[in-house]
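# A look at the structure
Residue-level listing of the chains:
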Amino acid sequence: LDEKAPPSIVMDVEPFLNICMELGYMNRKNPKNPYLKGPCTAALAYIEICQYAKIPMRVPQQCVMCEINNGVYVPESTFMEYNINNESHSSDIVFLVEANECNTFSLENSIVSALEEQLYSQKFINSRYAVIAYGSQLPPFDYPRTISKDNVVFINSTNILRQYLKHSTAFSKSYDGSTSKSDMMHAISIASRLNFRTGVSKTFIIISCSRCDIKQMRFDYSSILQYMSDEGVSLHIITNAEFNVEKPRKIRNFYGFDKQFVYSNRSPEGSSELRNTLHVSNNSFGICAQLALDSEGSVFSVKQKGPIKRLATIFAKRVVQSAISKGNQTCECTGHNSGSAYMICTMKKSSNKKPTNEQNDYDFSDWDWQFEDYTVN
């Protein structure tokens, strides 16, 4: 025996038995849920006491049940294959909003309205929204946090979404007027822990006004990219940073770009010819621009001259385009030791599809962020 192991403790089992008997086996609030309310509540109480005694225990497998989209519950460690329905789509869309003074531009209504319109036109149903605020010097958004009401993170109402987006910049004023540190990678990591639905696409939209500086990131690029690739997350960035482009005469009212196209007032559907002329300074975006492109996303700027409504429409159309699922999902039921359960889904991509990061070996440690530019591929 390990001499450092904590001494065993003797507990009276009667209180746990009473919990089990009083609550019973059935979940009265949701009879369809096979969760054993009495036994599992007693087990969780027992585990908590053992934790105080520094005796690690795992919640019983029968107490971790995941609800899938059709209302059916499956136990922990269950794997399920999802075939995406091509006739109707749905997406869990997460807004990651930099809670900074420079990000208080009135863009929320235009983006939400355009996004709602484009989702409807592409026959998306029951799409959900969540908001994470980050990057403020003042609490609570000095740390990436989800905005919720009554512990409900994902919502269906676009009116509530507008309120969440407005609330995200309510604490944006800094203590001394200095620029806050905005760790977009950390915000993406927090978003990855949300309870997403099975069989739907995942879409992240960053609304920012700061450069994605690798020196401020606590997570490395490759880890975040691997997560987004495995789970099929598309990242889109809309920022008020300036674009530094070559041949500006050919690109008028320039809105944004992705890996293949440039989007402008003249080319709302995208121009591949102009994309080859695009050269972007890393002082504008940092490494997050490449992360967006490698996840089949896009980068747009609200600083470019042009009607804001048209920009929002083009941006929303590009977001919805990537939200259409292009593969099937393999999902596993898992859970925390508190008994809360969730599904982890990974995309099953076709074997003949070329990985987006196959030709890239990212190492940003030796970059000179003050003087060096890079071309976004």
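As shown above, the structure is provided for reference.
Let me sum up the structure you'll find in this document. The structure presented is a predicted model; accordingly, all values stated were derived computationally and were not measured. (Residues numbered from 1 in each chain as written. Predicted model: local features only at pLDDT ≥ 70, side-chain atom pairs only at ≥ 80, totals over all residues. Heavy atoms only, no water.)

## Re the overall build of the chain
Going by this rule: Helix and strand labels come from DSSP, where a helix needs a run of H or I of at least four residues and a strand needs a run of E of at least two; each type is numbered from the N terminus. We call a residue buried when its accessible area falls under 20% of the maximum for its residue type, exposed when it is over 50%, and partly exposed in between, using a 1.4 Å probe and counting protein chains only. Should any heavy atoms of two residues lie within 4.5 Å, those residues are considered in contact. The method behind every accessible area is Shrake-Rupley, applied with a 1.4 Å probe, and residues are considered shielded solely by the protein chains displayed.
Helices and strands together make up the secondary structure of the chain, namely 10 helices and 13 strands. Classification of the 377 residues of the chain by burial places 48% in the buried group. Taking the contacts inside the chain whose residues are at least 6 apart along the sequence as the reference set, 74% of them involve residues at least 24 apart. Carbon and sulfur atoms make up 49% of the accessible area of the chain, which amounts to about 20,100 Å² in all.

## Some thoughts on the packing of helix α1 (residues 14-23) against helix α2 (residues 37-52)
What counts is decided by this rule: In this analysis, axes come from line fits to C-alpha atoms, helices being fitted only over the stretch in contact, and the angle between any two N-to-C directions falls in the range 0 to 180 degrees. For classification purposes, an angle smaller than 35 degrees is called roughly parallel, one larger than 145 roughly antiparallel, one from 65 to 115 roughly perpendicular, and anything else oblique. Helix crossings are classified by the rotation of the near helix relative to the far one: an anticlockwise turn of less than a right angle makes the crossing left-handed, while a clockwise turn makes it right-handed. The nonpolar class holds Ala, Val, Leu, Ile, Met, Phe, Trp, Tyr, Cys and Pro. Asp, Glu, Lys and Arg form the charged class, and all remaining residues, Gly among them, are polar.
Where α1 contacts α2, the axes come no closer than 7 Å and their chain directions differ by 155 degrees. Viewed along their axes, α1 and α2 adopt a mutual orientation that is roughly antiparallel. Between α1 and α2 lies a crossing whose hand is right-handed. Of α2, the residues touching α1 (which contributes F16, I19, C20 and L23) are K37, G38, P39, T41, A42, A45, Y46 and I49. Looking at the contact of α1 with α2 residue by residue, the classes come out as 9 nonpolar, 2 polar and 1 charged.

## Quick word on helix α3 (residues 108-121)
How we decide: An expected span of 1.5 Å times one less than the residue number is assigned to each helix.
For α3, with 14 residues, the first-to-last C-alpha span of 20 Å sits near the 20 Å given by 1.5 Å per residue. Of all the residues in α3, the buried ones are I111, V112, A114, L115, Q118 and L119. Among the residues trailing α3, K123 stands out with phi positive, at a value near 65 degrees.

## Brief notes about the environment of G199
Mapping G199 onto the fold places it in the loop between α5 (184-192) and β7 (201-208). On the accessibility criterion, G199 (24% relative accessible area) is partly exposed. Expressed as a C-alpha distance, the spacing of G199 and I68, which sit 131 residues apart in the sequence, is 9.0 Å.

## A closer look at the sheet that holds strand β4 (residues 91-98)
To keep it simple, the criterion reads: One requirement defines pairing of two strands: DSSP has to find at least two bridges between them.
Pairing is mixed across the open sheet formed by 8 strands, whose spatial order is β6-β5-β4-β7-β8-β11-β9-β10. Each edge of the open sheet carries a strand with a single partner, namely β6 (145-147) and β10 (262-264). Within this sheet the neighbouring strands show an average axis-to-axis angle of 25 degrees, counted without direction. Where β4 lies against strand β5 (residues 128-134), 7 bridges are found, and the strand directions are parallel. By the bridge assignment, V94 is partnered in β5 with A130. Strands β4, β5, β7 and β8 (233-239) of the sheet are contacted by α5, whose axis makes an angle of about 150 degrees with β7. Running over the sheet, helix α6 (residues 221-231) touches β7 and β8 and is turned about 120 degrees from β8.

## Concerning the packing of aromatic side chains
The condition is simple: Two rings from Phe, Tyr or Trp (for Trp, the six-membered ring) form a pair when their centres are within 6.5 Å of each other. A pair whose planes differ by under 30 degrees is stacked, one over 60 is edge-to-face, and the rest are tilted. Here, a charge over a ring means that NZ of Lys or CZ of Arg falls within 6 Å of the ring centre while also lying within 35 degrees of the ring normal.
Summed over the entire model, instances satisfying the criterion amount to 6 aromatic pairs. An angle of 25 degrees between the planes, with centres 5.6 Å apart, marks the rings of Y263 and F300 as stacked. Note that Y263 is positioned in strand β10 and F300 in strand β11 (residues 298-301), a separation of 37 residues in sequence. Given the relative accessible area of 0%, F300 is considered buried. Through successive ring pairs, a cluster of aromatic residues spans F261, Y263, F300 and F315. Lying across the ring of F154, R128 places its NZ or CZ 4.1 Å from the centre.

## Describing the nonpolar core
To be explicit about the condition: Take the buried Ala, Val, Leu, Ile, Met, Phe, Trp, Tyr and Cys residues and link them wherever side-chain atoms come within 4.5 Å; each set so joined is a nonpolar core.
Within the largest apolar cluster, 38 residues are counted, with the highest numbers of intra-cluster contacts made by V94, L96, I188, F204, I206, L235 and L291. Contributions of two or more residues to this core are made by β4, β5, α5, β7, α6, β8, β9 (254-257) and α9 (288-294). Looking at this core, the element that brings in the most residues is α5, giving 6 residues. Ignoring any residue separated from it by four or fewer positions in sequence, one finds V94 in contact with A130, I132, F154, A191, L194, F196, T203, F204 and I205. By size, the runner-up hydrophobic cluster in this structure holds 35 residues, among which are I111, L161, Y164 and F315.

## So, the environment of P268
Examined against the element boundaries, P268 turns out to sit in the loop between β10 and α7 (272-275). Sequence spacing of P268 and F315 is 47 residues, and the spatial spacing of their C-alpha atoms is 9.2 Å.

## Focus: the pairing of β8
Side chains on a regular strand alternate between the two faces of the sheet. To keep things clear, this is the line we draw: Whether a crossover is right-handed comes down to one check: with the strands pointing away from the viewer, does the path from the first strand over the helix to the second run clockwise; if it does, it is right-handed.
Within β8, 7 of the 7 residues are buried, which leaves it mostly tucked inside the rest of the structure. Side chains V233, L235, I237 and T239 project from β8 onto one buried face, and the interleaved S234, H236 and I238 project onto a second face that is buried too. Judged from the 7 bridges that link them, β7 and β8 form a sheet pairing that is parallel. Paired with F204 across the two strands is L235, which belongs to β8. Taking the sense of rotation as the criterion, the β-α-β connection linking β7, α6 and β8 turns out right-handed.

## Remarks on unusual backbone geometry
Put simply, P139 and P140 share a cis peptide bond, and its omega is 5 degrees. If you trace the backbone, P140 turns up in the loop between β5 and β6. You will see that K123, though not glycine, has its phi angle at about 65 degrees, which is positive.

## Here's the deal with the state of the cysteines
Our working rule: Here, two cysteine sulfur atoms that lie within 2.5 Å of each other are counted as a disulfide.
Going through the model one piece at a time under the given rule, you end up with 3 disulfides. A sulfur-sulfur separation of 2.1 Å characterises the disulfide bridge that pairs C66 with C333. What sets the handedness of the C66 and C333 disulfide is the S-S torsion sign, and at about 85 degrees it is right-handed. Within this pair, whereas C66 is found in strand β1 (residues 65-67), its partner C333 is found in strand β12 (residues 328-335), the two being separated by 267 residues in sequence. The pair C66 / C333 is uniform in exposure class, with both members buried. Between C331 and C345 runs a disulfide, and the two sulfur atoms are separated by 2.1 Å. An S-S torsion of about 110 degrees defines the bridge between C331 and C345 as right-handed. With C331 in strand β12 and C345 in strand β13 (residues 341-348), the pair connects residues that are 14 residues apart, well separated along the chain. Given a relative accessible area of 0%, C331 falls into the buried group.

In short, the description is geometric, and any link to function would need to be established separately.
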